[in-house]
Amino acid sequence: MRRAVCPGSFDPVTNGHLDIIGRASRLFDEVIVGVLVNQSKSGLFTVDERIAMLREVTASYDNVRVASFQGLLVDFCREQQASVLVKGLRAVSDFDYELQMAQMNIGLAGVETLFMPTNPLYSFLSSSLVKDVAKWGGDVSPHVPDLVREQLRARLTVERPG
Ligand code: PNS
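Computed from a predicted structure; not experimentally measured.

## Structural notes on the UniProt feature "domain: Cytidyltransferase-like" (unreviewed entry) in the protein chain
Move 1: When the UniProt feature table is mapped onto this chain numbering, "domain: Cytidyltransferase-like" (unreviewed entry) sits at residues 5-131.
Move 2: Along residues 5-131 the backbone is 43% helical and 23% strand, and the end-to-end C-alpha distance reaches 25 Å.

Written out as structure tokens, the structure reads:
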């Protein structure tokens with residue numbers, strides 16, 4: 001069984017994440033989406049909310065599971081019996097930090113990292129940008145699944161100036 005982990009914060013999941021998860025699901029027998037529980041950083045959505053959204057938007061993939069993890073990613077990989085991480089690279093600027101993490105992770109536990117070039121349609125996309133646009137009433141419908149757009153609307157609607 002070839003298992004891969006797609007890790008991240010997913011606060012919230014975007015179409016860019018979904019593109020990577022979907023493509024990884026075609027390359028591996030099983031893909032585990034690992035949602036980081038970060039005690040020192042509170043997100044817009046709770047980890048349970050992020051997981052619920054991820055489960056719904058990946059429901060059409062038979063071989064994708066969603067789970068949360070705390071601590072080291074390589075420990076989560078070991079628990080899940082996965083020896084490969086799949087990460088999307090949006091731009092060259094992503095590469096330096098991703099390379100450092102990949103080298104640390106293979107050194108720590110022999111976990112390999114495969115970098116997948118992001119679909120150019122999503123190369124500028126990040127959860128942070130999506131949250132900022134949604135906060136000010138901008139249209140995020142090209143960037144996130146409908147369900148996520150609705151959750152953002154419910155969570156973030158603020159009065160616009162003027
Ligand atoms: O979506 P993000 O926030 O860019 O994802 C970052 C993530 C979860 C991949 C990274 O923060 C991580 O791996 N955290 C787990 C802690 C860990 O293993 N640290 C050492 C990495 S070399």
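More follows now that the structure is in view.
## A word on helix α2 (residues 47-57)
Move 1: Within α2, the full set of buried residues consists of Val47, Arg50, Ile51, Met53, Leu54 and Val57. Projected onto a plane normal to the axis of α2, the buried residues spread over an arc of 165° and lie on a single side. Counted as exposed and oriented over 90 degrees from the buried face of α2: Asp48 and Glu56.
Move 2: Those residues of α2 that are buried are in contact with α1 (15-27), β2 (30-36), β3 (64-69) and α6 (146-156).

## A word on the sheet that holds strand β4 (residues 84-89)
Move 1: Strand order in this open sheet of five strands is β3-β2-β1-β4-β5, and the pairing throughout is parallel. One side of each edge strand has no neighbouring strand; the edge strands of this open sheet are β3 and β5 (112-117). Strand after strand, the sheet turns through a mean of 30° between neighbouring axes, direction not considered.
Move 2: Note: β2 against β3, six bridges, orientation parallel. Looking at β3, one finds that Val35 is bridged to Ser68.

## Some words on the layout of surface pockets
Move 1: For the largest pocket, the calculated volume is near 1300 Å³.
Move 2: Lining the largest pocket are 44 residues, and of these Pro7, Gly8, Ser9, His17 and Glu98 sit closest to its centre.
Move 3: Elements with a minimum of two residues in the lining of the largest pocket: β1 (3-8), α1, α2, β4, α4 (92-109) and α5 (127-135).
Move 4: Here the lining of the largest pocket gets eight residues from one element, more than from any other, and that element is α4.
Move 5: A class-by-class count of the residues in the lining of the largest pocket yields 19 nonpolar, 17 polar and eight charged.

Cut-off values and rules
Residues numbered from 1 in each chain as written. Predicted model: local features only at pLDDT ≥ 70, side-chain atom pairs only at ≥ 80, totals over all residues. Heavy atoms only, no water. UniProt positions renumbered as here; feature names shortened; annotations may be inferred. Helix = DSSP H or I, 4+ residues; strand = E, 2+ residues; numbered from the N terminus. Buried < 20%, exposed > 50% of the residue type's maximum accessible area, 1.4 Å probe, protein only. Arc of directions from axis to C-beta. Contact = heavy atoms within 4.5 Å. Pairing = 2+ DSSP bridges. Axes fitted to C-alpha atoms, helices over the stretch in contact; angles between N-to-C directions. 1 Å grid on protein atoms, 1.4 Å probe; cavity = no way out; pocket = protein on both sides within 12 Å on 5 of 7 lines; lining within 4 Å. Points joined across faces, edges and corners; volume = space filled by probe spheres on them. Nonpolar A, V, L, I, M, F, W, Y, C, P; charged D, E, K, R; others polar.

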